[in-house]
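Next come the chains, spelled out residue by residue.
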Amino acid sequence: VDETVQHDMEKLQETFPSFRNQFRLIKRIGEGTFSTVYKAEDLQYERFDNAWDWDKDAEKWASPPLKKIKQDTQTQKRRRAKYVAIKKIYVTSSPLRILNELELLHDLRSSPSVCPLITAFRSTDQVVAVLPYFRHQDFREYYRHMTVADMAIYLTSLFEALGAVHRANILHRDIKPTNFLYDPETGRGVLVDFGLAEREGSDSKPCLCHEADGVRKSRLRAAYVPSSAPHNGYPKQDTRPARRANRAGTRGFRAPEVLFKCTEQTTKIDIWSAGVILLTLLSRRFPFFNSADDVEAMIEIATIFGSRRMKVAGQLHGCMFETTIPTVGREGFSLEKIILWSNCRIDNGKTLKPLSEDEKVAVKFLTRCLDLDPSSRISADEALEHEFLRDMGR
Ligand code: ADP
Ligand code: MG
């Protein structure tokens, strides 16, 4: 353990005097934008060794008056994790944001694919969250070596987690490999990092994408009166108020509707991000998208899907999409072609090794995840019924 880490760990123990009796800090395991995460041993875990294993007697605990006890027993069971992850949230994070993260984790505590919250501490402006430590491997170590069946298993686990989160009407907003801790040996993963998550509809305003086709078209026509839009349909003096929309998330994983500043975003934004992970696995390129900002991100997406479909996607949210960039063609490319290219399986326009039957099923599924229109994009529950996950993922 290097010196600065040692120093930080000691500081943490000084902030919380009771810490030393409860946890033994082992090492730093993560350093993100919003927190530092340490692995620690829970020194009190054995105390709960005889706690009721309520899973065995689920029937018995089903009656409502016993619910509270059941919950407490569950908590105790979780405290039996010998190793924990201690997430020290940076003091620069807003208190509302921290509260939001802890609250959502608490709401999702009964989902096995979401890393549960064991407890949390606060000392003035410093908050730490304690989670069971989940053994996992770094994405970079395995993404290049996965078979299509391995990918189906990975995605089944990820979509089970998304299903649970979305059924609770929560958007994670930051789906990416470092927030899905996956153990290739067991084929299981858990979702972490609800720092950007939000309840569906909590900060939305009506967006055209939720209107019927006819309504949307007439509103679009009304917005672009010919006199102010001489040639290319773009008003010279745009007097509309600037649109504000939640754009939180990670570059390269943002859904098109996030880039188009949709004001009524849904859980489908997470499906797009999961699709980007699958695209990464199939193309064996990480990161697949590598944009510096939202405009570049839009161009990257447009290069694949073509300007025609991109334009239609923008109009869903009342946005114009125009580009003169020569690499953005009108029709774009099929995802099949992108994957063959990325794997150097096309040479001089000649396909050296076409997609296998398994890969074709995966690409069919990928097409459903990377649908530019959020309303027709596959949902997590539908995804679990898709042949790719249903037949190959278990
Ligand atoms: P941030 O908001 O800073 O991104 P995360 O919650 O994503 O924080 O955690 C950062 C990293 O810490 C993760 O990518 C992972 O490597 C590690 N980590 C977080 N929670 C756990 C856990 N429960 N078990 C093991 N490692 C974890
Ligand atoms: Mg993270």
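Computed from a predicted structure; not experimentally measured.

**A few points about the pattern of salt bridges**
For step 1, the next point in the chain: Scanning the model with the defined rule gives 23 salt bridges in all.
For step 2, the next point in the chain: Measuring nitrogen to oxygen at the nearest pair gives 3.6 Å for the salt bridge that ties Glu31 to Arg28.
For step 3, the next point in the chain: Note that Arg135 is salt-bridged to Glu185, the shortest N-O span being 3.9 Å. With Arg135 in the loop between β5 (126–132) and α5 (139–142) and Glu185 in the loop between β7 (180–183) and β8 (188–191), the pair connects residues that are 50 residues apart, well separated along the chain.
For step 4, the next point in the chain: Beyond isolated ion pairs, a larger network of salt bridges with shared partners links Arg24, Glu41 and Lys82.

**Some points on the coordination of the magnesium ion (ligand 2)**
For step 1, the next point in the chain: Taken together, Asn179 (OD1) and Asp193 (OD) make up the full set of protein donors to the magnesium ion (ligand 2), lying 2.2 Å away. You can see Asn179 sitting in the loop between β6 (170–171) and β7 and its partner Asp193 sitting in the loop between β8 and β9 (198–199), a full 14 residues away along the chain. Across the pair, Asp193 and Asn179 agree in class, each one buried.

**Notes on the nonpolar core**
For step 1, the next point in the chain: Judged by nonpolar contacts, the single largest core of 89 residues is most densely connected at Tyr154, Leu158, Phe159, Leu162, Leu191, Phe365 and Phe388.
For step 2, the next point in the chain: For Phe365, the contacting residues outside a window of four places in its chain are Phe159, Leu278, Ile378, Ala383, His386, Phe388 and Leu389.
For step 3, the next point in the chain: With 15 residues, the next largest nonpolar core counts Ala40, Val84, Ile86 and Val128 among its residues.

**As for the site of ligand 1**
For step 1, the next point in the chain: Contacts to ligand 1 come from 20 residues, most closely from Ser35, Lys87, Phe134, Thr178 and Asp193.
For step 2, the next point in the chain: A distance of 2.8 Å is found between an oxygen atom of ligand 1 and a side-chain nitrogen or oxygen belonging to Lys87.
For step 3, the next point in the chain: Contact with the protein chains covers 92% of the free accessible surface of ligand 1, which is 550 Å².
For step 4, the next point in the chain: Going through the elements one at a time, β1 (23–31), β2 (35–42), β3 (83–89) and β5 are the ones with two or more residues in the shell around ligand 1.
For step 5, the next point in the chain: Of the residues contributing to the shell around ligand 1, the split by class is 11 nonpolar, 7 polar and 2 charged.

**Re unusual backbone geometry**
For residues that are not glycine, phi is negative in most cases, and the peptide bond is trans in most cases.
For step 1, the next point in the chain: Looking along the chain, the bond that leaves Phe286 and enters Pro287 is cis, with omega of -5°.
For step 2, the next point in the chain: With phi around 75°, Arg173 is a residue other than glycine that occupies positive phi space.
For step 3, the next point in the chain: Mapped onto the elements of the fold, Arg173 is located in the loop between β6 and β7.

**Side note on the side chain of Glu198**
For step 1, the next point in the chain: In this fold, Glu198 is placed in strand β9.
For step 2, the next point in the chain: For Glu198, a relative accessible area of 13% gives the class buried.
For step 3, the next point in the chain: Side chain to side chain, Glu198 and Asn246 meet in a polar contact 3.4 Å long.
For step 4, the next point in the chain: Among all residues touching Glu198, those that are not within four sequence positions of it are Leu104, Asn169, Ile170, Leu171, Arg173, Asp203 and Asn246.

**Remarks on the packing of aromatic side chains**
The description of an aromatic ring pair uses the distance of the two centres, along with the angle that the planes make with each other.
For step 1, the next point in the chain: A full pass over the atoms with the stated rule returns 21 aromatic pairs.
For step 2, the next point in the chain: Judged by centre distance (5.0 Å) and plane angle (80°), the rings of Phe333 and Trp341 are edge-to-face.
For step 3, the next point in the chain: Under the relative-accessibility criterion, Phe333 is labelled partly exposed at 34%.
For step 4, the next point in the chain: Assessed through its relative accessible area of 38%, Trp341 is described here as partly exposed.
For step 5, the next point in the chain: The rings of Phe139, Tyr142, Tyr143, Tyr154, Phe180, Tyr182 and Phe286 are connected pair by pair, giving a single aromatic cluster.

Rules used throughout
- Residues numbered from 1 in each chain as written.
- Chains lettered and ligands numbered in written order.
- Predicted model: local features only at pLDDT ≥ 70, side-chain atom pairs only at ≥ 80, totals over all residues.
- Heavy atoms only, no water.
- Salt bridge = Lys/Arg side-chain N within 4 Å of Asp/Glu carboxyl O.
- Helix = DSSP H or I, 4+ residues; strand = E, 2+ residues; numbered from the N terminus.
- Donors = N, O, S within 2.8 Å, 3.2 Å for Na, K, Ca; no water.
- Buried < 20%, exposed > 50% of the residue type's maximum accessible area, 1.4 Å probe, protein only.
- Core = buried A, V, L, I, M, F, W, Y, C linked by side-chain atoms within 4.5 Å.
- Contact = heavy atoms within 4.5 Å.
- Near = heavy atom within 4 Å.
- Polar contact = N/O pair within 3.5 Å; in protein donor to acceptor, adjacent residues only side chain to side chain.
- Areas by Shrake-Rupley, 256 points an atom, 1.4 Å probe, with all protein chains shown as cover.
- Nonpolar A, V, L, I, M, F, W, Y, C, P; charged D, E, K, R; others polar.
- Phe/Tyr/Trp six-rings, centres within 6.5 Å; stacked < 30°, edge-to-face > 60°.

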